[in-house]
Amino acid sequence: MQSQITKLPKAVFFDQDGVLFDSMPFHADAWVKAMGKYNLPYTALDVYRNEGRTGSGVIRELYQRVYGKDISQEIIDDIYAYKSNQFIELTGGKLPNLILDIRNVLSYLKSQGVDCWVVTGSGQRNLINNLNNTFEGIFTGIISAFDVTHGKPHPEPYLKAWERCGFPKEECAVVENAPLGIQAAKAAGLFCFAVNTGILPDSDLIEAGADMVLPSMAALLEYLQSVTSNQ
Ligand code: CA
């Protein structure tokens, strides 16, 4: 049985990849190719399951499992650089498309006076500019890799957003797409919507602790509107 909310939150924390931007297919292709360079078997499903972990951690663990020995920093750096280049090549260096209907969700929340934040593990330097250009006037604040010591699934990123937003936890909610992000939100003690924008089965998101799993941003919007009208 999924949990419900009885009124609109005062602040909503949005993850970036797979929630704002439809970037995961590119990340998946890029990772599979980069791992393949060293004959490391890695599928798109693996990429989605590991979304949010640091690249070096994933590479190290897989290499150990396949070759039974520690990987050198040189190879880690090479795989990571290759992956980053592949990503740029696949996206043509442009921002990936937005997740379908995310603009409608954000506009609706703003129209209802809800503060919207971005909480991402991404450490791309141009991130904040990109986000504020793409979603002009929407976000109250952005928590990125530069603001935290521990990444998801550690609760720190969501706790930091919660501290800064100034509302009680029960008046905040998270929108995530990935198991580790959901774990981070739940470890932070926050209500978590999971919107399944990728290729994982819903059961992965439920097992990670999602309070509610929705198939699309349109479904999330419909739900939020129903909550508003019942308030
Ligand atoms: Ca994500």
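Residues numbered from 1 in each chain as written. Predicted model: local features only at pLDDT ≥ 70, side-chain atom pairs only at ≥ 80, totals over all residues. Heavy atoms only, no water.

(A) Representation of the environment of Thr 54. Among the secondary structure elements, Thr 54 is positioned in the loop between helix 2 (44-50) and helix 3 (55-67). Accessibility expressed as a relative area gives 55% for Thr 54, which makes it exposed. A sequence separation of 29 residues divides Thr 54 from Lys 83, and the C-alpha atoms of the two residues are 13 Å apart. (Helix = DSSP H or I, 4+ residues; strand = E, 2+ residues; numbered from the N terminus. Buried < 20%, exposed > 50% of the residue type's maximum accessible area, 1.4 Å probe, protein only.)

(B) Focus on the pattern of salt bridges. Inspection of every chain in the model, using the stated rule, returns eleven salt bridges. Two residues, Asp 211 and Lys 186, come together in a salt bridge whose shortest N-O distance is 2.7 Å. Here Asp 211 is found in the loop between helix 9 (202-207) and strand 6 (212-214), whereas its partner Lys 186 is found in helix 8 (residues 179-187), with 25 residues between them in sequence. Through salt bridges with shared partners, a single network forms among Lys 7, Lys 10 and Glu 171. (Salt bridge = Lys/Arg side-chain N within 4 Å of Asp/Glu carboxyl O.)

(C) Quick look at unusual backbone geometry. Backbone torsion omega between Lys 152 and Pro 153 reads 15°, so that peptide bond is classified as cis. Relative to the elements of secondary structure, Pro 153 occurs in the loop between strand 3 (139-143) and helix 7 (156-165). Phi is positive for Asn 39, close to 55°, though the residue is something other than glycine. Following the sequence through the fold, Asn 39 ends up in the loop between helix 1 (24-36) and helix 2.

(D) Here's a closer look at the coordination of the calcium ion. Around the calcium ion, the protein contributes the donor atoms Asp 15 (OD), Asp 17 (O), Glu 51 (OE) and Asn 177 (OD1), which lie 2.1 to 2.3 Å from the metal centre. Donor residues for the calcium ion, ordered by position in the chain, follow D-x1-D-x33-E-x125-N. Residue Asp 17 is found in the loop between strand 1 (11-14) and helix 1, and its partner Glu 51 is found in the loop between helix 2 and helix 3; the two are separated by 34 residues along the sequence. In terms of burial, Asp 17 and Glu 51 fall into one category: buried. (Donors = N, O, S within 2.8 Å, 3.2 Å for Na, K, Ca; no water.)

(E) Layout of the pairing of strand 5 (residues 191-195). Burial analysis of strand 5 places five of its five residues in the buried class, which makes it a mostly covered element. A two-sided burial pattern is seen for strand 5, the buried positions comprising Phe 191, Phe 193 and Val 195 on one face and Cys 192 and Ala 194 on the other. Note that the unit made of strand 4 (residues 172-176), helix 8 and strand 5 has a crossover that is right-handed. (Right-handed = clockwise from strand over helix to strand, strands pointing away.)

(F) Seen up close, the sheet that holds strand 4. Pairing is parallel across the open sheet formed by six strands, whose spatial order is 3-2-1-4-5-6. Here the strands that pair on one side only, and so sit at the sheet edges, are strand 3 and strand 6. Taking the axes of each pair of neighbouring strands and ignoring which way they run, one obtains an average angle of 25° across the sheet. With three bridges joining them, strand 5 and strand 6 adopt parallel strand pairing. Its bridge partner lying in strand 6, Phe 193 is registered against Met 212. Against the sheet, helix 5 (residues 102-111) contacts strand 1, strand 2 (115-119) and strand 3, and its axis sits at roughly 160° relative to strand 1. (Pairing = 2+ DSSP bridges. Axes fitted to C-alpha atoms, helices over the stretch in contact; angles between N-to-C directions. Contact = heavy atoms within 4.5 Å.)

Function cannot be inferred from these measures alone, as they are strictly geometric.
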